[in-house]
Amino acid sequence: MPQILGLTRLVRGPAPVPSDLEALRAQIDRLDHELLDLIEQRLNACIAIAGLKANDTSGTLRFRPRRETEVIGRLIDRAEHASSALVTHVWRELMGHCLQAQARTDLVLCASRSPHTLKERVRERLGRAAHAQWVATPEEALDLARRREVVAAIEYSPLTPWWTALRHSNLAAFDLIREESGRLLAIIVGRVGPDDVAEGPSLRVLTEGELEIRRARGETVEPIAASGELRLCLTSQGEANR
Ligand SMILES: O=C(O)C(=O)C[C@]1(C(=O)O)C=C[C@@H](O)C=C1
């Protein structure tokens with residue numbers, strides 16, 4: 001019997017000494033407890049922030065996409081072995097739960113062409129903590145986003161230019177979901193203030209005339225959809241707020 005064990009060891013390399021395995025598992029248990037304690041502390045800090053946000057009369061959501069993107073960006077820069085996918089996934093989920101601890105914030109989805117892909121991509125972007133609800137029309141999604149603590153992800157289609165309703169509205173189109181090919185799949189909409197929209201290209205609904213004026217000023221404005229006189233445009237952040 002000892003000979004057979006010895007042979008197995010030769011083939012597989014040195015087996016971990018049981019006490020090493022136990023020691024490493026004990027270390028992992030300790031780290032898990034520390035991680036959980038930190039998560040509890042983080043949740044408590046977020047609940048305290050909710051108290052401050054309760055005094056905010058701007059009518060915006062508790063959700064702050066700009067802050068979330070900045071937090072994740074800094075952590076990705078700091079990470080040594082943790083991939084950006086790991087950091088993004090873990091913190092999107094964490095922040096999704098921290099947001100729910102502040103106020104129940106629902107996800108309203110509207111898609112007829114690729115509902116499954118849309119839901120998956122939105123979950124990747126915003127985490128899985130929020131309750132998701134499907135609605136049949138973009139108008140229903142926009143109505144809920146105007147009135148409730150809701151983030152809406154609405155499929156883009158040139159045939160139903162619902163995005164024209166974003167002009168002169170308290171809703172911001174603050175994120176885009178694209179297909180692998182780069183094609184626009186959906187627009188994420190919510191009551192997010194201009195200062196809380198993440199850095200980077202931002203969406204604006206402009207008339208053709210306004211678009212021309214901005215271009216003449218040398219601004220980078222790219223129309224990505226059109227309906228009558230109106231254009232859905234990608235602009236750089238500073239330019240979008242003007
Ligand atoms: O910084 C805030 O405003 C928070 O509410 C905290 C926090 C977070 O978990 O870090 C939670 C939700 C927001 O969407 C952004 C960030």
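See the structure above.
So, a few notes on the structure that sits alongside this text. (Residues numbered from 1 in each chain as written. Predicted model: local features only at pLDDT ≥ 70, side-chain atom pairs only at ≥ 80, totals over all residues.)

Thoughts on the site of the ligand
And step 1. Around the ligand lies a shell formed by Cys46, Ile49, Phe63, Arg64, Arg67, Glu68, Val71, Met95, Cys98, Leu99 and Gln102.
And step 2. Secondary structure elements with two or more residues in the shell around the ligand: α2 (18-53), α3 (65-78) and α4 (84-102).
And step 3. The dominant element in the shell around the ligand, judged by the number of residues it contributes, is α4, at four residues.
And step 4. Looking at the shell around the ligand residue by residue, the class counts come to seven nonpolar, one polar and three charged. (Near = placed C-beta within 6 Å. Helix = DSSP H or I, 4+ residues; strand = E, 2+ residues; numbered from the N terminus. Nonpolar A, V, L, I, M, F, W, Y, C, P; charged D, E, K, R; others polar.)

Observations regarding the sheet that holds strand β8 (residues 230-235)
And step 1. Spatial strand order, β6-β8-β7: three strands in an open sheet with antiparallel pairing. Edge positions in the sheet fall to β6 (202-207) and β7 (221-227), since each has one partner strand and no second. Adjacent strand axes in the sheet meet at a mean angle of 30° when their direction is disregarded.
And step 2. Pairing of β6 with β8, which is carried by six bridges, proceeds in the antiparallel orientation. Bridge pairing links leucine 206 to arginine 231 in β8.
And step 3. Here helix α7 (residues 208-216) sits on the sheet and contacts β6, β7 and β8; the angle it forms with β6, its principal contact strand, is near 115°. (Pairing = 2+ DSSP bridges. Axes fitted to C-alpha atoms, helices over the stretch in contact; angles between N-to-C directions. Contact = placed C-beta atoms within 7 Å.)

Observations concerning the packing of α3 against α4
And step 1. With their axes 10 Å apart at the nearest point, α3 and α4 run at an angle of 145° to one another. Judged by the twist between their axes, the crossing of α3 over α4 is right-handed. Along the contact surface, α3 presents Glu68, Val71, Ile72, Leu75 and Ile76, while α4 presents Ser84, Val87, Thr88, Trp91 and Met95.
And step 2. Taken together, the residues of the contact of α3 with α4 break down into seven nonpolar, two polar and one charged. (Left-handed = near helix turned anticlockwise from the far one by under 90°.)

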